[in-house]
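Descriptive analysis of the structure
Here is how the chains run, residue by residue.
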Amino acid sequence: MMPTGLEAIASTDLPPLTRQRPRALWAAAAVIGLAVLLPAGVNQYWMQIGTLAFVYWVLIAGLDLIIGYAGQLAVGFVGLLAIGAYTASILCEKASWPAFAALAAAGAAGALFGFLVGLPSLRLKGFYFAMTTLGFSTIVTQVALGWERLTGGGIGLPGPIFPAPLDSPVGFYYLALGMALLATYLLRNVAFSNFGRGLVAVRDAEVAAEAMGVPITRLKLVTFTLSGILAGMAGALFAARQTYITPDAFTFDLSVLFFIMVLIGGRGRIVGPMIGTLILTLLPEIAAPLVMWSNFLYAVLLLLVVLIVPGGIAAFLERLFVKTAKGEGLEAPAPERLNAVLGQHASPKVLTLQGVALHFGGVRALDGVDVAVWPGTVHGLIGPNGSGKTTLLNAVSGFYAANSGRIVFGEADLAARPSADRAALGIARTFQTPRVVGNLSVLENAMLGAYRQFTTSFPAVALGSRHGVIEDCAIRQRAADALAAVGLRRLAHLRAEQLQHTEQRLLEIARCLVMQPSILLLDEPAAGLSHDEIEHLQALIEHIRSLGVAILLVEHHADLVFQVSDEVTVLDVGRVLAHGAPAEVRINPEVINAYLGA
Amino acid sequence: MLVTILVAGIAIGAIYAMIGLSYNMMYSTSKVVSFTPGQLGMIGAVFGAWFIGVLEVPLWLGFLGAMGVAVVYGFFTELVAVRPVLKSIEQHLYVLTTLAAALMIQQVVAIWWGTDPRPFPTLFGLGAGLASEKYWLPVVACFLAFIGLELFYRKTLWGAAFIAVAEDAEASRALGILDVRIRVVSYCLAGFIGALAGFMGGQLLLAFFALGATLTFYGFVPIAMGGIGSNRGALIGGFFLGILQQAANYFVGGVFVGVVTFAVFITVLLLVPRGLFGSAVARRV
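In this text the structure is predicted, and so the values were computed from the model without any measurement.

Definitions and cut-offs
- Residues numbered from 1 in each chain as written.
- Chains lettered and ligands numbered in written order.
- Predicted model: local features only at pLDDT ≥ 70, side-chain atom pairs only at ≥ 80, totals over all residues.
- Heavy atoms only, no water.
- Helix = DSSP H or I, 4+ residues; strand = E, 2+ residues; numbered from the N terminus.
- Rg over C-alpha atoms; globule rule 2.2 N^0.38 Å.
- Buried < 20%, exposed > 50% of the residue type's maximum accessible area, 1.4 Å probe, protein only.
- Contact = heavy atoms within 4.5 Å.
- Areas by Shrake-Rupley, 256 points an atom, 1.4 Å probe, with all protein chains shown as cover.
- Lys, Arg positive; Asp, Glu negative; His and termini not counted.
- Charge placed at Lys NZ, Arg CZ, Asp CG, Glu CD.
- Salt bridge = Lys/Arg side-chain N within 4 Å of Asp/Glu carboxyl O.
- Pairing = 2+ DSSP bridges.
- Axes fitted to C-alpha atoms, helices over the stretch in contact; angles between N-to-C directions.
- Phe/Tyr/Trp six-rings, centres within 6.5 Å; stacked < 30°, edge-to-face > 60°.
- Lys NZ or Arg CZ within 6 Å of the ring centre and 35° of its normal.
- Domains from an automatic or database assignment.
- Buried area = accessible area lost by both parts, 1.4 Å probe.
- Polar contact = N/O pair within 3.5 Å; in protein donor to acceptor, adjacent residues only side chain to side chain.
- Nonpolar A, V, L, I, M, F, W, Y, C, P; charged D, E, K, R; others polar.
- Core = buried A, V, L, I, M, F, W, Y, C linked by side-chain atoms within 4.5 Å.

Let's talk about the overall build of chain B
From N to C terminus, chain B includes twelve helices and zero strands. Moving toward the C terminus, one meets the helices and strands of chain B in the order α-α-α-α-α-α-α-α-α-α-α-α. In terms of overall dimensions, chain B is globule-like: its C-alpha atoms have a radius of gyration of 18 Å, near the 19 Å expected for 285 residues. Oriented by its inertia axes, the alpha-carbon framework of chain B measures out at about 55 × 45 × 40 Å. A buried classification covers 56% of the 285 residues belonging to chain B. Residue pairs in contact within chain B that sit at least 24 positions apart in sequence constitute 78% of those at least 6 positions apart. With the model as given, the accessible surface of chain B reaches about 11700 Å², and the carbon-plus-sulfur share is 69%. For chain B, the distance from the average position of its 14 positive side-chain charges to the average position of its 10 negative side-chain charges is 6 Å.

Observations regarding the pattern of salt bridges
Here the idea is simple: oppositely charged side chains can pair when their charged atoms come close. Residue and element names in this part refer to chain A. In this structure the tally under the stated criterion is 16 salt bridges over all chains. As a salt-bridge pair, Asp204 and Arg203 come within 2.9 Å of each other at their nearest N and O atoms. A salt bridge links Arg429 to Asp523; the nearest nitrogen and oxygen atoms lie 3.7 Å apart. Of this pair, Arg429 sits in strand E8 (residues 427-429) while Asp523 sits in strand E9 (residues 519-523), and the two are 94 residues apart along the sequence. Here the salt bridges share partners, and the residues they tie into one network are Arg364, Asp367 and Arg575.

Comments concerning the sheet that holds strand E10 (residues 550-554) of chain A
All names here are of chain A. Strands sit in the order E8-E9-E10-E5-E11-E12 across an open sheet of six strands; the sheet is mixed. If you trace the sheet from one side to the other, it starts and ends with E8 and strand E12 (575-580), each paired once. Averaged over all pairs of adjacent strands, the angle between strand axes in this sheet comes to 20°, irrespective of strand direction. Both E8 and E9 contribute to a ladder of three bridges, which runs parallel. Paired with Ile427 across the two strands is Ile519, which belongs to E9. Contacting strand E5 (378-382), E9 and E10, helix H22 (residues 531-546) runs over the sheet at an angle of about 150° to E10. Of the strands in this sheet, E5, strand E11 (567-572) and E12 touch helix H25 (residues 589-596), which is tilted by about 125° from E12.

Quick notes on the packing of aromatic side chains
Applying the stated criterion to the full structure yields 44 aromatic pairs over all chains. Their ring planes at 75° and their centres at 5.8 Å tell us that Phe129 of chain A and Phe224 of chain A sit as a pair that is edge-to-face. In this pair, Phe129 of chain A sits in helix H5 (residues 126-146) while Phe224 of chain A sits in helix H10 (residues 216-242), placing the two residues 95 residues apart along the sequence. With relative accessibility at 1%, the residue Phe129 of chain A sits in the buried group. Arranged with centres 5.1 Å apart and planes meeting at 50°, the rings of Trp50 of chain B and Phe51 of chain B form a pair that is tilted. Residue classification places Trp50 of chain B among the partly exposed positions, given a relative accessible area of 24%. In this arrangement the basic side chain of Arg435 of chain A is found over the ring face of Phe431 of chain A, its NZ or CZ atom lying 5.2 Å from the centre.

Quick look at the pairing of E11 of chain A
Residue and element names in this part refer to chain A. With five of six residues buried, E11 lies mostly within the body of the structure. The pairing of E11 with E12 spans five bridges and is antiparallel. Bridging across to E12, Thr569 finds its partner in His579. Here E11 folds back onto E12, and the loop between the two strands holds two residues, one of which, Val573, carries a positive phi near 35°.

Some points on the domain arrangement of chain A
All names here are of chain A. Examined at the domain level, chain A breaks down into domain 1 (44-252) and domain 2 (335-431 + 503-596). Relative placement of domain 1 and domain 2: their C-alpha centres are 46 Å apart. Counting residues at the interface gives eight residues for domain 1, matched by ten residues for domain 2. Taken over both partners, the interface formed by domain 1 and domain 2 buries close to 690 Å², and the fraction arising from carbon and sulfur atoms is 75%. Remark: the boundary between domain 1 and domain 2 carries zero salt bridges. Taken together, domain 1 and domain 2 are joined by one residue pair in polar contact (both at pLDDT 80 or more). Across the side of domain 1 that touches domain 2, the residue classes tally to six nonpolar, one polar and one charged.

Description of the sheet that holds strand E6 (residues 404-409) of chain A
All names here are of chain A. With respect to topology, four strands assemble into an open sheet ordered E4-E3-E6-E7, the strand pairing being antiparallel. Strands at the two margins of the open sheet, each flanked by one partner only, are strand E4 (363-373) and strand E7 (412-413). Where strand E3 (residues 351-360) and E6 come together, five bridges link them in antiparallel fashion. Within E6, the residue paired with Gln354 across the bridge is Arg406. Where helix H16 (residues 389-397) meets the sheet, it contacts E3, E4 and E6, and its direction lies at approximately 115° from that of E3.

Quick look at the nonpolar core
Of all hydrophobic cores here, the largest spans 272 residues; its most connected members are Leu302 of chain A together with Phe220 of chain B. Ranked by residue count, the leading element in this core is helix H2 (residues 44-69) of chain A, at 15 residues. Among the domains, domain 1 (44-252) and domain 2 (335-431 + 503-596) of chain A are the pair contributing at least three residues each to this core. When neighbours within four sequence positions are excluded, Phe220 of chain B is seen to be in contact with Phe127, Tyr128 and Met131 of chain A together with Tyr23, Val33, Leu215 and Phe265 of chain B. Counting 26 residues, the second largest nonpolar core, distinct from the first, contains Val373, Leu425, Leu521 and Val554 of chain A.

Here it is as structure tokens:
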């Protein structure tokens, strides 16, 4: 659905844009056509089932972003459905609002409560968060039951009635279909954007997401808000379809049903959950004799899906239709491609650490360290295991807070800044154990590096902003260049988890380069590399330096460090043991004694 | 009035505290927070009422029967919903599998027992009014369970093995402790403790299929307050919540008991995510 003219921006050596295959477009068109024609072919009963599936899908599209993409186990979404349903019904019944205004108000109420439901997710994980959402959905029904003056209590109240011709079953069917298409459009736009990648990164590799500057708090909350809007509007439609609502309509079982619809479809996919929604809406109608057991069967289904087919329908379909991508192996890196990647990179900045100390309980991991890293230079940081090298990187990138001392980058004192903001200042880092987002492609992983440079807002992206698409293409191109620079170009379409360990290291470097950083912190990039690969790495580091980037290199390969560095600092038990030009440090007797050996 | 709030609050609180002990028991050996403790309470109440009230078996036999069902269910939970997902615990899949296990038993009971609450038989007929057994039985049971667990952990070899597995399952395996067996036993024991809450509190709670969901939530609030793994915290949190709910029930009305509970729950979780007696946060990088 991307405007075809934009394809031209993407250069020819990019992997195909798998998400916009013509075949997928035809399939989508066929499904929509079928849905439009359905009322002509079936009786009213089946049409209303179809309506219900669309209404559910409006909610599921948002829930998929929460469960599938963001990985948050929100089991209480029925609460948001209820809030939307009651908001719309009360406004129509007690305040005589027109139905469409009530629908919008339901969306607004959903946004507010979606935001509130999302708040605990910032601090709580797994069961704890699931329990808050479960508690929330319980409270909503209790309030609906108790606040009789407004909600009619257990007796309930009539749902909104849309103006003719939307009040007829056929009319309402098309309204629901329209809303479902809108929800799909929003979901698709977010899912394949910068924000969708950010969500998956938060889900699968939270630390890496922070290091790339993904503002986790804001991203989670805005996603919860969007899914709240969808759930609230789904609630208004749900109330209109039921024609009359009582608290009984919003039992926890419905929440479980929603959850299974996403899971059975496949988390973090779009078509899968859509099929899941359809199947599970139809199932009770087909298996009518089993209706008494339906909730039991949902529970069994939930268990089976998690244990046996964790990938859901989507994984199954992909096995059928998507040719398994095979790697064509590494190729020689092309550092000259870096010029395009780092072209307009940020102003050169100096990193200075002054008297930085950091304790873990009684252990002084860093004990008053002074280091300065200059733009366009490589600063080697060596020392025995446990001397504080990685701790120093963590203090600079914000994963640990220093107990005393100052860390200044350019003009900015880093003390109070969270990791994600430090990334935005131009501090990029790799990890000792590569942290890549396994479920994203290699190219998408690299694109994550530019997360903070993406300027289009979340709402604009959700609504299909053309500017956002153009930006995305530019970042895609830059990521492809960065992959070429490190030699991963031919593996760009693989999922990152399919890469070997050493390839993942290179991917991390590429991801950092896409950030266009002012300083690059490398944590043992040569570990596990072959002799040839280390030579490639050295050439790459030298080329990055030549483009004005500062590099802080933590490494055990002494040869590499002494060859490539302009300055070397040796740490020992958290203190600077020696510092100076490589040639001096190499012959320093204390360094030889403590680290290098004779 | 104050006395009524306190007596009823402490009784209900004791039930929540026992559910909390059940949470802790499962958590200690598997590091899984399960959705099933409330269902264990429901089993204790419903099967207690069935054995004693419907089948009219002797008291002790009815007690053993109800406990037995819960122990089997605990065993089933470990086997079906916990063991298969332990390897990938960081994905939190146990949230879904234990939720599924909880819903399964709830639906089976709903169909077999019916969806209306039924009375739980009087057990001993001791005491009347505020001194009635329905108020003090859960409290006695709760303290017996708490003290029993303390003695078990401190005085028995099995208890020591439990602590070893709770501290570090892999290291204890290296010592020759069969951590899988310990885990299975802990889930059975958790079944017993959870069902004890429902059985002893049955006269207050009634025998009702939906009890499970309520107890799962209300029994977790003390855990959130006290910190998961702390039995003392569960006890204190349980009594606090019980009294708070009774007070809320009296002053603002029954419908808002849940709202007040939820408010406390969220506040505590956001202010002290690890609970008042909880352990420190692990390093991430």
